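Listed below, chain by chain, are the residues.
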Amino acid sequence: MTTAESGSFSSAALEEYLALIDELLAQPFPEANFHDDTGWGGPEHRVRILRASQEFWDDDDGQAAREADADLRAYLDALIAALTARWGEPLVVDLLPHLRAGLEGEAVSEPINCLSQLAGSMQAWPHRDPGRWLGLAIGQGDKELPLELLAAVGQTLALEPSASGRS
């Protein structure tokens, strides 16, 4: 995991993130669920933390969170531009219907289920490797926890729209 540096945008870091995304797309899905410092995954999905901010336990005025969000958004925007140049315009996936479905006890496939608990939306591209897609989002588990720039790979079927908005 790469930790956010205060207010600096690094083209070297951007290249590192693109290489990590390429690696993520090339890796087979794990047979069993796992979680470690770099991300998590399981059958049919992987999520990688590309960049993370500090925690916000003492951020009473929210200034540190706003600065961290701006830092991560700069990287997200740069990644979106680079991947759009490679694969075309991304799909914008609203994750709220998936969160609602999960909260109502409906099955939501991974990594959509987990991402919907961390982020409101993601940018996604169907990948040339049949049966896979790549998604990028900024997520946060709780207001005191770090903001994270996330790259996710999942099965294409998980992104196909349904009448109810569920996966």
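If you're wondering where the values come from, they're calculated on a predicted model, not measured in any experiment.

Undergrad: How should the overall build of the protein chain be read in this particular structure?
TA: Secondary structure assignment for the protein chain yields 4 helices and 8 strands. Traced from its N-terminal end to its C-terminal end, the protein chain shows the element sequence β-α-β-β-β-α-β-α-α-β-β-β. By the burial criterion, 44% of the 167 residues in the protein chain qualify as buried. Considering only residue pairs separated by 6 or more positions, the protein chain has 61% of its internal contacts joining residues 24 or more positions apart.

Undergrad: What is the right way to look at the side chain of R46 in this model?
TA: Note on placement: R46 falls in strand β4 (residues 45-52). One buried charged residue, R46, remains without a salt bridge, the closest side chain of opposite sign being D36 at 7.3 Å. Only 3.3 Å separates the side chain of R46 from the side chain of Q27, close enough to count as a polar contact. Not counting chain neighbours up to four residues away, the residues in contact with R46 comprise L24, Q27, P28, F29, P30, F34, W40, G41, A151, A152 and V153.

Undergrad: Please explain the packing of aromatic side chains as it appears in this structure.
TA: Two numbers describe a pair of aromatic rings. These are the distance of the centres and the angle of the planes. All told, the structure shown has 2 aromatic pairs when counted by the stated rule. On the numbers, 5.6 Å between centres and 70 degrees between planes, the contact of Y17 with Y75 is edge-to-face. In this pair, Y17 is assigned in helix α1 (residues 11-26) and Y75 in helix α2 (residues 63-87), connecting sequence segments 58 residues apart. Note on Y17: relative accessible area 0%, which makes it buried. Over the aromatic face of W87 sits the side chain of R86, whose NZ or CZ is 5.7 Å from the ring centroid. In this structure, R132 is placed above the aromatic ring of F29, and the distance from its NZ or CZ to the ring centre is 4.0 Å.

Definitions and cut-offs
- Residues numbered from 1 in each chain as written.
- Predicted model: local features only at pLDDT ≥ 70, side-chain atom pairs only at ≥ 80, totals over all residues.
- Heavy atoms only, no water.
- Helix = DSSP H or I, 4+ residues; strand = E, 2+ residues; numbered from the N terminus.
- Buried < 20%, exposed > 50% of the residue type's maximum accessible area, 1.4 Å probe, protein only.
- Contact = heavy atoms within 4.5 Å.
- Lys, Arg positive; Asp, Glu negative; His and termini not counted.
- Salt bridge = Lys/Arg side-chain N within 4 Å of Asp/Glu carboxyl O.
- Polar contact = N/O pair within 3.5 Å; in protein donor to acceptor, adjacent residues only side chain to side chain.
- Phe/Tyr/Trp six-rings, centres within 6.5 Å; stacked < 30°, edge-to-face > 60°.
- Lys NZ or Arg CZ within 6 Å of the ring centre and 35° of its normal.

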